[in-house]
Amino acid sequence: ADKLRSQLGDKQAAILLGAELDGKAALLCLLTDNTFKERKLKAGDLINAVATHVDGRGGGRPTLAQAGGNNPAGLKQAVESFAGAVTDAIKERL
C-alpha cells in the first residue's frame, strides 16, 4: 500500500481494495497524504462506510485502514459503493 501511495505522489486519490481470504472478506482503504490533508477524509471513516456490506468493521491510520467481514458475497457491493462513500464524505466537509 505504501508503494502505491508513493507512486501516486502528490495526486489526490482514495483507493479501496477487496479480496476474499480464507472464506472471509478483506478490505483495504488507502488515501494519499494530499487527500487526507486537503479533503480532510479519513480512511477509517470510508472503510467503515463500505464494510457494512461484508458484515464487518475496520480501522487504522488516517491514510490507511483495513476491515474484515464474514460476508465475502458483499465484496462487490462494498467496492461499488466506495465512490459514493467518498463523494458523501467530501460533501459533509464542505
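Structure shown above.
Let us look at the structure shown here. (Residues numbered from 1 in each chain as written. Predicted model: local features only at pLDDT ≥ 70, side-chain atom pairs only at ≥ 80, totals over all residues. Heavy atoms only, no water.)

1. Digging into the side chain of T63
Mapped onto the elements, T63 comes out in the loop between β3 (56-61) and β4 (64-69). Setting aside chain neighbours within four positions, we find T63 in contact with R5, C29, L30, L31, T32, D33, F36 and A43. (Helix = DSSP H or I, 4+ residues; strand = E, 2+ residues; numbered from the N terminus. Contact = heavy atoms within 4.5 Å.)

2. Considering unusual backbone geometry
A positive phi is found at K40, a non-glycine position, where the angle reads about 60 degrees. Structurally, K40 is set in the loop between α2 (33-39) and α3 (43-51). Phi at D55 takes a positive value of approximately 55 degrees, unusual for a residue other than glycine. By the secondary structure assignment, D55 is in the loop between α3 and β3. D55 gets classed as exposed once you look at its relative accessible area, which sits at 54%. (Buried < 20%, exposed > 50% of the residue type's maximum accessible area, 1.4 Å probe, protein only.)

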